[in-house]
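Below, each chain spelled out in residue letters.
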Amino acid sequence: MKSLRHAFCAASVVTLATAVLVPAHAQGVIKIGEVNSYKAQPAFLEPYKKGMELAVEEINAKGGVNGRKVELITRDDNANPGDAVRVAEELVAREKIDVLTGTFLSNTGLAVADFAKQKKIFFLAGEPLTDKMTWQGGNEYTFRLRPGTYMQAAMLVPEAAKLKKKRWAVVYPNYEYGQSAVAAFKTLLKAAQPDVEFVAEQAPPLGKVDAGAVVQALADAKPDAVFNVLFGADLSKFVREGNTRGLFKDRTVVSVLTGEPEYLDPLKDETPNGWIVTGYPWYGIQTPEHKAFFLAYHGKYKDYPRLGSVVGYTMIKSVAAGIEKAKSTETPKLIAAFKGLQVDSPFGKISYRAEDHQSTMGAFVGKTKNDNGKGVMVDYTYFDGAKFQPSAADVKKSRAAD
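Parameters and conventions
Each chain has its residues counted from 1, running along the sequence as written. Local features in this predicted model are restricted to residues of pLDDT 70 or higher, and side-chain atom pairs are both shown and tallied only at a pLDDT of 80 or more, whereas totals for entire chains, interfaces and linings draw on every residue. For side-chain calculations, the full set of non-hydrogen atoms in the structure is used, while hydrogens and water are omitted. Under the scheme used here, helices are H or I runs from DSSP no shorter than 4 residues and strands are E runs no shorter than 2 residues, and both carry numbers assigned from the N terminus. Only C-alpha atoms enter the radius of gyration; for comparison, a globular chain is expected to reach 2.2 Å times N to the power 0.38, where N is the number of residues. For accessible areas, the Shrake-Rupley method is used with a probe of radius 1.4 Å. Any residue's cover is judged against the shown protein chains and nothing else. We treat Lys and Arg as the positive residues and Asp and Glu as the negative residues; His and chain ends play no part in the count. To locate a charge, take atom NZ for lysine, CZ for arginine, CG for aspartate or CD for glutamate. When a carboxyl oxygen of Asp or Glu is within 4 Å of a side-chain nitrogen of Lys or Arg, the pair counts as a salt bridge. For the exposure calls, accessible area comes from a 1.4 Å probe over protein chains only, and a residue counts as buried if that area is under 20% of its type's maximum, exposed if over 50%, partly exposed in between. Axis lines are fitted to C-alpha atoms, over the contacting stretch for helices. Their N-to-C directions set the angle, which ranges from 0 to 180 degrees. When an angle is under 35 degrees it counts as roughly parallel; over 145 it counts as roughly antiparallel; between 65 and 115 it counts as roughly perpendicular; any other value is oblique. Should the near helix be turned anticlockwise from the far one by less than a right angle, the crossing is termed left-handed; should it be turned clockwise, right-handed. Here, two residues are considered to be in contact whenever any of their heavy atoms come within 4.5 Å of each other. Put simply, Ala, Val, Leu, Ile, Met, Phe, Trp, Tyr, Cys and Pro go in the nonpolar bin, Asp, Glu, Lys and Arg in the charged bin, and everything else, Gly too, in the polar bin. At least two bridges found by DSSP between two strands are what make those strands a pair. In this scheme Phe, Tyr and Trp rings, the latter by its six-membered ring, pair at centre separations within 6.5 Å, and the angle between planes marks the pair as stacked below 30 degrees, edge-to-face above 60, and tilted otherwise. One less than the residue count of a helix, multiplied by 1.5 Å, gives the span that helix is expected to have. Any N or O atom pair separated by 3.5 Å or less is treated as a polar contact, with the protein-specific requirement of one donor-capable and one acceptor-capable atom, and with residues adjacent in sequence counted only for side-chain atom pairs. We call a set of buried Ala, Val, Leu, Ile, Met, Phe, Trp, Tyr and Cys residues a nonpolar core when their side-chain atoms join them within 4.5 Å. A cavity here means a set of points on a 1 Å grid, drawn over the protein atoms and nothing else, where a 1.4 Å probe fits but cannot get out; a pocket is an open set with protein on both sides within 12 Å along at least five of seven lines, and a residue lines either one if it has an atom within 4 Å of a point. Grid points are joined across faces, edges and corners, and a volume is the space filled by probe spheres set on the points.

Looking at this structure, how should I read the overall build of the chain?
A tally of helices and strands in the chain yields 14 helices and 14 strands. At 23 Å, the chain has a C-alpha radius of gyration in line with the 21 Å of a compact globule built from 402 residues. Seen along its three principal axes, the alpha-carbon backbone of the chain occupies a region of about 100 × 45 × 35 Å. Carbon and sulfur atoms make up 54% of the accessible area of the chain, which totals about 17,000 Å². Averaged over its 52 positive side-chain charges, the chain has a centre that lies 4 Å from the centre of its 45 negative ones.

Okay, here's the thing in structure tokens:
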């Protein structure tokens, strides 16, 4: 009996030692926490969430990452920076997430990036486009997937400069993303065409555009061309009033994001012809990687993907690739792994630059067309994001405070 007690005690010590050496959390799932403005921006974020879920399903079907399954935990931030930080804190403290991802609006993205810096947790921002995410306000803990405002402006400016239009008007939502996009466009266009003039500027609050007044103010300035940064419902109202009041007649419009199906589809027979845009012509991309993504997405959801679908899918695939490379979810190891990380995406292989944590994902540039009452992109080309980024020296200057 005494020997049995000794044997039981010895076995208990071994079991306890094993539990100490291999924490329960390390043996469980990888928890990806995700924060976003689902209620405020459903057109983009419902397809985005489907893209994330498809990626999680594919990853887990192949055995997970480093032998661990992946779990996605999402929270709505009410399109409010304060709420975004609050739910991020809840994901970290209560849900014990391994990595933090997400955000759509630039102001919420910057708030979560600062939270990640304070809490020393890895954060992959999928969507917020302000250049402060990775450049002027970039930090060691934050990486970004989508091409930011500088990159998208740099893709559009060569086309804008070819127009040789001197008098430009700009319209943008008056918050971080809109301000950043206009600043980049003005700087780059002036460099390409020194005699350009910006003769009118309208900056309505996000989601509260008085489209009639905005369109009339732009028309009164008699610009030769218009640079538009509005999106979502604001864009639809702007287009409707612009068509009604003749703002677009004999004027070229250069527009960020308008070629994305999230924003082009709702315009239907109001779609203007000939706008120069960035977007996502899912119906015409014939690369093997995009075909595979399209078939998987359509097979699961019986619907075509939007750009949000690509962003959500690639963001989760990036996290998985980073963890696999790091062989860990520990923040320092994950940061090191993401610097130079290469990831397969529906747009081809992308990488995350070491100097600024910005991915090289690109965008399609083309023109809008009203095709029998449906908005589509035509004459489009994919622009590799790696060719539209500032130099390493410029990045170093802008991130001096990091």
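There's more to say after this.
Got a minute to help me understand the pattern of salt bridges in this structure?
One side chain can pair with another of opposite charge once the charged atoms of both are near each other. A full pass over the atoms with the stated rule returns 24 salt bridges. Note that D76 and K39 form a salt bridge whose closest N and O atoms lie 3.7 Å from each other. One end of the pair, D76, is in strand β2 (residues 70-76); the other, K39, is in the loop between β1 (30-36) and α3 (42-61), and 37 residues separate them in sequence. Judged by relative accessible area, D76 falls into the buried class, the value being 18%. Residue E89 pairs with K119 through a salt bridge whose shortest N-O separation is 3.3 Å. Pair noted here: E89 is in helix α4 (residues 81-93) and K119 is in helix α5 (residues 106-119), with a separation of 30 residues, a long-range link. One continuous salt-bridge network, built from bridges that share partners, spans R75, E90, R94 and E95.

Would you mind going over the packing of α4 against α5 with me for this structure?
For any two helices packed against each other, one specifies the crossing angle of their axes together with the interaxial distance. At a minimum axis separation of 8 Å, α4 and α5 run at an interaxial angle of 40 degrees. Here α4 is positioned oblique relative to α5, judged by the angle of their axes. Pair α4 / α5 crosses with right-handed handedness. Side by side, α4 and α5 meet where P81, A84, V85, A88, E89 and V92 of the first sit next to N107, T108, A111, V112, F115 and K119 of the second. Taken together, the residues of the contact of α4 with α5 break down into eight nonpolar, two polar and two charged.

Would you mind going over the sheet that holds strand β4 (residues 123-125) with me for this structure?
Across a sheet, paired strands are connected by hydrogen bonds in the backbone, their directions being either parallel or antiparallel. In space, the five strands of this open sheet follow the order β2-β1-β3-β4-β5, with parallel pairing throughout. Since the sheet does not close on itself, it has two edges, and those belong to β2 and β5 (142-144), each with one partner. Neighbour to neighbour, the strand axes of the sheet diverge by 25 degrees on average, direction disregarded. The pairing of β4 with β5 spans three bridges and is classified as parallel. Along β5, the bridge assignment pairs L124 with F143. In the packing of α4 onto the sheet, the strands contacted are β1, β2 and β3 (99-102), and the crossing angle to β1 comes to about 170 degrees.

Honestly, the packing of aromatic side chains in this entry has me stumped. Any pointers?
For any two aromatic rings, the description comes down to two numbers: the centre-to-centre distance and the angle of the planes. For the coordinates displayed, the defined rule picks out 27 aromatic pairs. Plain terms: the ring middles of F104 and F231 are 6.1 Å apart, the flat faces sit at 65 degrees to each other, and that makes the pair edge-to-face. Remark: F231 occurs in the loop between β8 (225-228) and α9 (232-245) and F104 occurs in the loop between β3 and α5; sequence separation between them is 127 residues. Both residues of the pair, F104 and F231, belong to the buried class. A ring pair is formed by F185 and F227, whose centres lie 3.8 Å apart and whose planes are at 5 degrees; its orientation type is stacked. One end of the pair, F185, is in helix α7 (residues 176-192); the other, F227, is in strand β8, with 42 residues separating them in the sequence. Looking at F185, the relative accessible area reads 0%, which means it is buried.

What should I look at first to understand the environment of K49 in this one?
With respect to the helices and strands, K49 occurs in helix α3. In this structure, the C-alpha to C-alpha distance between K49 and E260, residues 211 residues apart in sequence, is 16 Å.

Looking at this structure, how should I read α4?
The α-helix advances 3.6 residues per turn, and as a result positions three or four apart in sequence lie on the same side. Between its first and last C-alpha, α4 extends 18 Å over 13 residues, near the 18 Å set by a 1.5 Å rise per residue. Where α4 is buried, its residues contact β1, β2, β3 and α5. For α4, the N-terminal capping position is held by N80, with its side-chain oxygen 2.8 Å away from the main-chain nitrogen of G82.

Looking at this structure, how should I read the nonpolar core?
Where a protein is soluble and globular, its nonpolar side chains tend to be buried together. Core analysis: the largest hydrophobic core is formed by 121 residues, its most contacted members being L100, W168, Y177, F185, F227, F238 and Y352. In terms of residue count, helix α12 (residues 307-326) provides more of this core than any other element does, 11 residues in total. Beyond its immediate stretch of four places on either side in the chain, Y177 contacts S106, L129, T149, V229, F231, V256 and L257.

It is not clear to me how the layout of surface pockets should be interpreted in this structure. Could you clarify?
Over the atoms, a rolling probe the size of a water molecule traces out where space has been left empty. Empty space within the largest pocket amounts to approximately 460 Å³. Along the wall of the largest pocket there are 21 residues; nearest its centre are I59, K62, Y313, K317 and D344. Residue assignment for the lining of the largest pocket shows that the elements contributing at least two residues are α3, α11 (288-301), α12, β11 (342-345) and β12 (348-351). With six residues, α12 is the single largest residue contributor to the lining of the largest pocket. Within the lining of the largest pocket, the residues separate by chemical class into nine nonpolar, four polar and eight charged.

Would you mind going over unusual backbone geometry with me for this structure?
Residues apart from glycine generally show negative phi values, whereas peptide bonds are mostly found in trans. Although it is not a glycine, A79 adopts a positive phi angle of roughly 55 degrees. Owing to a relative accessible area of 25%, A79 belongs among the partly exposed residues under this scheme.

I keep staring at the sheet that holds strand β7 (residues 197-202) and nothing clicks. Help me out?
Here seven strands make up an open sheet; going across it, the order is β7-β6-β8-β9-β10-β13-β14 and the pairing mixed. Where the open sheet ends on each side, the last strands, each with one partner, are β7 and β14 (374-383). Between one strand axis and the next, the sheet turns by 25 degrees as a mean value, whatever way the strands run. Contacts from helix α6 (residues 149-162) reach β6 (167-171), β8, β9 (252-259), β10 (276-279), β13 (363-371) and β14 within the one sheet, and its direction differs from that of β9 by about 155 degrees.

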